[in-house]
Amino acid sequence: PVPLKRPISYPKYVIIFFFSIIIISFQVAFSQTAEIDSLKKALANPHNDELATLFELCKHNSSMNADTALVYAKRALQISTARHNFTGRLTAEFYIAECDNMKGRADSCLVLCNSALREIQSTDKSYPVYRDLIWNKIVSLTKLRKIKESINECYNLLSSAERNNDIPGRVIAHNCLGLNNN
């Protein structure tokens, strides 16, 4: 007769597997990207341009807590206002509005976007921030179930993107139109 092999103890491996998953998820949940950590260190360095670093941090707001992102955006707004930097101020207002959207405050986001958009005299000069503000406005209108207004803004963005030869703007407008028409 052939000797029988001892059966593998599956419960032991299952326990090790789940323990590993728990450890990895805790590590991921309580860490930020290396780029955000690097930007935070750069922010503490007085030789770096604080406003540029704050805007780089704001670009990563989806990877951080909305309240933390809001602190960076508000600080960028203060600096831009003090420097009389029109585009910087509008960009900071865009990031503040985006934080409101992340927090589920579409109505506040819409008010901020409308206010900032009224200040833009020429979309050609401030087109990138104009595109971002319109995009946030479209998202807010959609969240507020104001679909007709949202579709109208999509067409405004699309015509503006075509005038400025902006492919990302066209993609955003077409995607938002598809979302609103479903």
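The notes below deal with the structure included here. (Residues numbered from 1 in each chain as written. Predicted model: local features only at pLDDT ≥ 70, side-chain atom pairs only at ≥ 80, totals over all residues. Heavy atoms only, no water.)

1. So, the overall build of the protein
- Along its length, the protein carries nine helices and zero strands.
- Going residue by residue from the N terminus, the α and β elements of the protein occur as α-α-α-α-α-α-α-α-α.
- Residues classed as buried in the protein amount to 37% of the 182 residues present.
- By sequence separation, contacts in the protein at least 24 residues apart represent 53% of the contacts at least 6 residues apart.
- Carbon together with sulfur atoms contributes 59% to the accessible area of the protein, which is approximately 11,700 Å² in total. (Helix = DSSP H or I, 4+ residues; strand = E, 2+ residues; numbered from the N terminus. Buried < 20%, exposed > 50% of the residue type's maximum accessible area, 1.4 Å probe, protein only. Contact = heavy atoms within 4.5 Å. Areas by Shrake-Rupley, 256 points an atom, 1.4 Å probe, with all protein chains shown as cover.)

2. Quick look at the packing of helix α3 (residues 50-59) against helix α5 (residues 86-102)
- One can describe the packing of α3 onto α5 by two numbers: an axis separation of 11 Å at closest approach and a directional angle of 30°. Put simply, α3 runs roughly parallel to α5. Both α3 and α5 take part in a crossing whose hand is left-handed. Here α3 contributes F55, C58 and K59 to the contact with α5, which in turn contributes G88, T91, A92 and Y95. (Axes fitted to C-alpha atoms, helices over the stretch in contact; angles between N-to-C directions. Parallel < 35°, antiparallel > 145°, perpendicular 65-115°, else oblique. Left-handed = near helix turned anticlockwise from the far one by under 90°.)

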